[in-house]
Amino acid sequence: MAHNIDMTGGRANIAFMGSRKDIWHQLGTEMAPGMSIEDWAVAAGLNWQAIKSPARLSLHGPEFAHLSEAERAAIVPDRFDIVRSDNGHPLGYASNVYQPCQPRDVLSWFQQYIGVDDRFSIDVAGSLKNGEIIWATAGYNGDISVAGDKHRARLLMTTTFDGSGATINQATMTRTVCENTLRASLSDKRAIVKTRHNTKFDARAVGKELGAIAQGFAEFKAMGDAMGSVHMSERDTVAFFKALLDIPFDATSADISGKKRNAFDALANAYEVTLNEGTPACTQWTALNAVTRYVDHDKNVKGDDKAESRFLSSNFGSGAAMKAKAIGLLMPRLAVAA
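Everything in this summary refers to the structure shown in the same document. Since the structure is predicted, the reported quantities are computational estimates derived from the model, not experimental observations.

### A short note on the overall build of the chain
- Helix and strand counts for the chain stand at nine helices and 11 strands.
- In the chain, which comprises 338 residues, the share counted as buried stands at 47%.
- In the chain, 60% of the contacts between residues at least 6 apart in sequence involve partners at least 24 apart.

Structural data, given as structure tokens:
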């Protein structure tokens, strides 16, 4: 069973447009054009409520035997648990001022948000873990060619129940050859927007935000095209991979841990595979796509279901951080080359 997709009710709580074979986990409910946001909420398992419940102590060990029953189960002042209404699962905790967002409302907000610009349309929605992370994506009309590679542009929306109340919308680009994904916001910070679902909806402001996100796609293309024109020697590429893994360039094999040696070898293999896929040879773009391929397909991760664990890491964890670091290492070289 998938352990990171929300499986409440004995099914994968994800809904999607398109073909099942194009979904990384091949689970969930296939949607049809024209379905309502309520249909999406039900199919994606987002038709429950997040309830704010007073946090209580649970002091039942022998060291607390001298306390009264009331003291051992006392309410914690100004602290609340956020729990699911359907099964009581704890999603997070917050202060007394936090008002939890509701999954269906977040999805409805996203639909209203992208509805301002007809270049976007929702194509996936669901939750991960046990509902702690809600996410949806909206496809951007048309493929974009970056350094000779076809990419699919999407807007990724995520929200959590950690008390922040913020919903994050960020632009992503997926290389169609092998489904490598990179945030367009890494190259243009305008391509990431934080909103609050309970903010009064302002279509004009949203239109500007979506315009900035679309501009992020253009900036990403410009960055990729530029990287595709910058040659990297074998020595440059080795130095880049070592810097990415925090390996000193002059370190010997004996100086490097087995974990880092394996990661370096996997990056080198991803580089060769990327070259064989037709990416412009020996360029910054090749090196960057090798990193995204490694993170999305090869990086060692914890968990029984490696595909799901890599998805979480690539979009929300250490894999996403590695991609950001790769951009940070390459951009100064790009500026020098320019």
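That shown, we press on.
### Points about helix α6 (residues 258-276)
- Helix length check: α6, at 19 residues, gives a terminal C-alpha distance of 27 Å against a target of 27 Å (1.5 Å per residue), a fit within 8%.
- Among all positions of α6, only A263, F264, A266, L267, A270, Y271 and T274 are buried. For α6, the angular spread of the buried residues around the axis is 165°, confining them to a single face. Residues of α6 that are exposed and angled more than 90 degrees away from the buried face: N262 and N276.
- Residues of α6 that are buried sit in contact with β9 (166-175), α5 (234-244) and α7 (284-298).

### Topic: the pattern of salt bridges
- Under the defined criterion, the tally for this structure stands at 10 salt bridges.
- Put simply, D225 and K221 hold a salt bridge, and the shortest N to O gap is 3.1 Å. Highlighted residues: D225 and K221, both in helix α4 (residues 203-227), separated by four residues, approximately one helical turn.
- For E277, the salt bridge goes to R293, with nearest N and O atoms at 2.1 Å. Here R293 lies in helix α7 and E277 lies in the loop between α6 and α7, a separation of 16 residues in the sequence.
- Take E277: its relative accessible area is 25%, and that puts it in the partly exposed class.
- On the basis of relative accessible area, R293 is assigned to the buried category, the value being 12%.
- Taken together, the shared-partner salt bridges in this structure form one network comprising D6, R84 and D86.

### Some words on the sheet that holds strand β5 (residues 90-95)
- With antiparallel pairing, three strands are arranged side by side in an open sheet as β3-β4-β5. Two strands in the sheet have a free side with no partner beyond their single neighbour: β3 (50-56) and β5. Strand after strand, the sheet turns through a mean of 35° between neighbouring axes, direction not considered.

### Structural notes on the environment of C101
- Structurally, the position occupied by C101 is in the loop between β5 and α3 (103-114).
- Linking C101 and Q49, residues 52 residues apart in sequence, is a C-alpha distance of 8.4 Å.

### Brief notes about unusual backbone geometry
- Despite not being glycine, D78 has its phi angle at roughly 60°, a positive value.
- Among the structural elements, D78 can be located in strand β4 (residues 75-84).
- The phi torsion at D246 lies on the positive side, around 60°, for a residue other than glycine.
- One can find D246 in the loop between α5 and α6.

### Some points on the environment of V273
- As for its placement among the helices and strands, V273 is situated in helix α6.
- Given a relative accessible area of 28%, V273 falls into the partly exposed group.
- Put simply, V273 and A290 are 17 residues apart on the chain and 7.9 Å apart in space, counted from C-alpha to C-alpha.

### Focus: the pairing of β4
- Sheet analysis places β3 next to β4, joined by six bridges and oriented antiparallel. Counterpart to I51 in the pairing with β4 is V83.
- What sits between β4 and β5 in their antiparallel hairpin is a turn of five residues, with G88 showing a positive phi close to 75°.

### Here we look at the packing of aromatic side chains
- Overall, the coordinates contain nine aromatic pairs when judged by the stated rule.
- Measuring from ring centre to ring centre gives 4.8 Å for Y140 and F217, while their planes differ by 55°; the resulting arrangement is tilted. Here the residue Y140 occupies a position in strand β7 (residues 133-146), and F217 occupies one in helix α4, the gap between them amounting to 77 residues.
- Residue Y140 is classed as buried on the basis of its relative accessible area of 16%.
- Judged by its relative accessible area of 2%, F217 is buried.
- Pairing F241 with F264 gives two aromatic rings, centres 6.4 Å apart and planes at 80°, and the pair type is edge-to-face. Here F241, found in helix α5, pairs with F264, found in helix α6; they are 23 residues apart in sequence, far enough to count as distant.
- Among the aromatic residues, ring-to-ring pairing joins F240, F241, F264 and Y271 into one connected group.
- Against the face of F80 rests K52, its NZ or CZ located 4.7 Å from the ring centre.
- In this structure, K242 packs its charged tip against the face of F249, placed 5.2 Å from the ring centre.

Parameters at a glance
Every residue gets a number counted from 1 within its own chain, in the order that chain's sequence is written. This being a predicted model, a pLDDT of at least 70 is required before a residue's local features are given, and a value of 80 or more before pairs of side-chain atoms are given or counted; all residues contribute to the totals for chains, interfaces and linings. Excluding hydrogens and water, the side-chain figures rest on all heavy atoms present in the structure. Every helix listed is a DSSP run of H or I at least four residues long, and every strand listed is a run of E at least two residues long, numbered separately from the N terminus. Only protein chains enter the calculation, and the probe is 1.4 Å; a residue is then buried if its accessible area is under 20% of its type maximum, exposed if over 50%, and partly exposed in between. Contacts between residues were defined by any pair of non-hydrogen atoms, one from each residue, lying within 4.5 Å. To estimate the expected span of a helix, subtract one from its residue number and multiply by 1.5 Å. An arc is given here, and it is the one of the directions from the helix axis to the C-beta atoms. Criterion for a salt bridge: a side-chain nitrogen of Lys or Arg within 4 Å of a carboxyl oxygen of Asp or Glu. Note: two strands are recorded as paired if DSSP finds a minimum of 2 bridges between them. With axes taken as lines fitted to C-alpha atoms, and helix axes fitted only over the stretch in contact, angles between N-to-C directions fall between 0 and 180 degrees. Pairing of aromatic side chains here covers Phe, Tyr and the six-membered ring of Trp, requires ring centres within 6.5 Å, and sorts the geometry by plane angle: under 30 degrees stacked, over 60 edge-to-face, intermediate tilted. Only Lys NZ and Arg CZ are tested; either one counts as a charge over a ring when it is within 6 Å of the ring centre and within 35 degrees of the ring normal.

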